[in-house]
Amino acid sequence: MNDLKSVAVSVLRAFRPEAVLVLGSGLGALAERVQQAVRRPATDIPGVAAASIAGHTGELICGTLAGVRVALLSGRTHVYEGHALQTVVRAVRVLLAVQPKLLVLTNAAGSIQRDMKPGDLMLIADHLNLSGGSPLEGPHTADCGERFPDMSRIYPAAVRNCVRRVADARGLLLREGVYAMLRGPQYETPAEVRMLRILGADAVGMSTVPEAIVAAQMRIPVLGISMLTNLAAGVSRLPLSHKEVLECGLVAGNTLADLIEHSLRDAVTATEASV
Ligand code: HPA
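Computed from a predicted model, the values in this text were never measured in an experiment.

Criteria and cut-off values
Residues numbered from 1 in each chain as written. Predicted model: local features only at pLDDT ≥ 70, side-chain atom pairs only at ≥ 80, totals over all residues. Heavy atoms only, no water. Near = heavy atom within 4 Å. Polar contact = N/O pair within 3.5 Å; in protein donor to acceptor, adjacent residues only side chain to side chain. Helix = DSSP H or I, 4+ residues; strand = E, 2+ residues; numbered from the N terminus. Nonpolar A, V, L, I, M, F, W, Y, C, P; charged D, E, K, R; others polar. Buried < 20%, exposed > 50% of the residue type's maximum accessible area, 1.4 Å probe, protein only. Patch = residues over 30% accessible without salt bridge, like charges linked within 9 Å, V, L, I, M, F, W, Y side chains within 5 Å. Areas by Shrake-Rupley, 256 points an atom, 1.4 Å probe, with all protein chains shown as cover. Salt bridge = Lys/Arg side-chain N within 4 Å of Asp/Glu carboxyl O. Lys, Arg positive; Asp, Glu negative; His and termini not counted. Charge placed at Lys NZ, Arg CZ, Asp CG, Glu CD. 1 Å grid on protein atoms, 1.4 Å probe; cavity = no way out; pocket = protein on both sides within 12 Å on 5 of 7 lines; lining within 4 Å. Points joined across faces, edges and corners; volume = space filled by probe spheres on them. Pairing = 2+ DSSP bridges. Contact = heavy atoms within 4.5 Å.

Student: Could you give me a rundown of the site of the ligand, with the residues and numbers involved?
Tutor: Surrounding the ligand, one finds Ala108, Ala109, Gly110, Tyr187, Glu188, Val204, Gly205, Met206, Thr229, Asn230, Leu240 and Val245. Between Glu188 and the ligand, the recorded distance is 2.8 Å, taken from a side-chain N or O atom to a nitrogen atom. Measuring from a nitrogen atom of the ligand, one finds a side-chain N or O atom of Asn230 at 2.7 Å. Those elements that place two or more of their residues in the shell around the ligand are β5 (102–111), β8 (203–205) and β9 (222–231). The element contributing the most residues to the shell around the ligand is β5, with three residues. Each residue belonging to the shell around the ligand can be placed in one class, and the counts come to seven nonpolar, four polar and one charged.

So, in structure tokens, the structure goes:
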């Protein structure tokens, strides 16, 4: 972790981001709203792999959003690109080393519940790590956080409530549920989706959980929001496609950007009460 600290200290400590944000597939609208933005390729952070997926631009953008100092990753890497979980979380680990108050994770996800429709937004209340591993595996140093960290309060209700208040004020339907991460890259079979429903999942995707686990270890509260881009396999009879995911992101991405922009200040403040 020493090398991470030195990068974080030299590049980001002076800037002191209050919130770190990671944008999922096709959800780039928020990146355009950052003021006084300084943009660098995310690969400038040593050890960070290049994002290779359409809809992920892979930039680190520092600036302000609604008056909050933010460091925003406009894309992420995934296990299905062939990266180890430890590599997938590398950029987030570096950014969290400067102790922001909040990590905001967004993703595109398939809806497991028939009444949650494409275009709906879902606050992540909890997750299922079905990646088959942990980003915390391997050597451990105390400055990463605990060896066996608690995972029971990753997504504090106080933070979710800030977003809910903004959604309610705007008459925006905001779902809440459990996000399950599978490795992908193939979408699920209908049988797998039935299994996920029995396990208690409401949405399924291929990201977010590794970053949330690292944040929990580093004791940084997480605001997680899924954009439901499609009904998961078998929930709808239609075949799934990445194109559909990206198109939905383009349409609903602005709504998500509005929601985050208007709740960010309160959400950052609410973390002080939640830790
Ligand atoms: N499954 C997994 N990942 C996804 C989906 C899905 O249905 N939609 C968007 N990302």
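Student: Describe the environment of Ser134, and please don't skip the residues or the numbers.
Tutor: With respect to the secondary-structure elements, Ser134 resides in the loop between β6 (121–129) and α4 (157–169). According to the relative accessible area criterion, Ser134 is buried, its value standing at 18%. With 99 residues separating them along the chain, Ser134 and Ala233 place their C-alpha atoms 26 Å apart. Side-chain polar atoms of Ser134 contact the backbone nitrogen of Leu136, separated by 2.9 Å.

Student: Can you explain a nonpolar patch on the surface? Please cite residues and give values.
Tutor: Among the surface-exposed residues, Leu130, Met195 and Leu199 lie close enough to one another that they form a single nonpolar patch of about 240 Å² accessible area. For Leu199, the position within the fold is in helix α5 (residues 190–199). Overall, Leu199 belongs to the partly exposed group, its relative accessible area being 45%.

Student: Give a detailed account of a positive patch on the surface, specifying residues and quantitative values.
Tutor: Residues Arg114, Lys117, Arg194, Arg197 and Arg237 make up a contiguous surface patch of positive charge. Structurally, Arg197 is set in helix α5. Residue Arg197 is classed as partly exposed on the basis of its relative accessible area, which comes to 35%.

Student: Could you give an account of empty space enclosed by the protein, with specific residues and numbers?
Tutor: Taken as a whole and assessed by the stated rule, the structure comprises two cavities of 30 Å³ or more. In this model, the largest cavity occupies a volume close to 40 Å³. Lining the largest cavity are Arg76, Thr77, His78, Val79, Val88, Met181, Met206, Ser207, Thr208, Pro210 and Glu211. A per-class count over the lining of the largest cavity returns five nonpolar, four polar and two charged. In this structure, the second largest cavity occupies an estimated 30 Å³ of space.

Student: Before we move on, can you summarise the side chain of Glu188 with the specific residues and values?
Tutor: Considering the arrangement of structural elements, one finds Glu188 in the loop between β7 (174–181) and α5. As a buried residue without a salt bridge, Glu188 has its nearest oppositely charged side chain in Arg197, at a separation of 11 Å.

Student: Provide a residue-level description of the pairing of strand β4 (residues 68–73), including the pertinent values.
Tutor: Burial analysis of β4 places five of its six residues in the buried class, the great majority of the element. Relative to β4, strand β1 (residues 19–22) runs parallel, the two sharing four bridges. If you follow Leu21 over to β4, its bridge partner there is Leu72. Two strands pair when backbone bridges link them, and strand β3 (residues 59–65) and β4 are joined in this way by six bridges, in the antiparallel orientation. Directly across from Cys62, in β4, lies its bridge partner Ala71.

Student: Provide a residue-level description of unusual backbone geometry, including the pertinent values.
Tutor: Cis geometry is found at the peptide bond from Gly184 to Pro185, where omega equals 0°. Turning to its location among the elements, Pro185 is positioned in the loop between β7 and α5. Even without being glycine, Arg16 reaches a positive phi, approximately 50°. Position of Arg16 among the secondary structure elements: in the loop between α1 (2–13) and β1. The backbone of Thr208 sits at a positive phi, close to 75°, despite the residue not being glycine. In this fold, Thr208 is placed in the loop between β8 and α6 (209–217).

Student: So what's going on with the environment of Ser111? Which residues, and what values?
Tutor: As for its placement among the helices and strands, Ser111 is situated in strand β5. In this structure Ser111 comes out as buried when scored by relative accessible area, which is 0%. If sequence neighbours within four positions are ignored, Ser111 has contacts with Met116, Asp202, Leu228, Asn230, Leu231, Ala232 and Val235.

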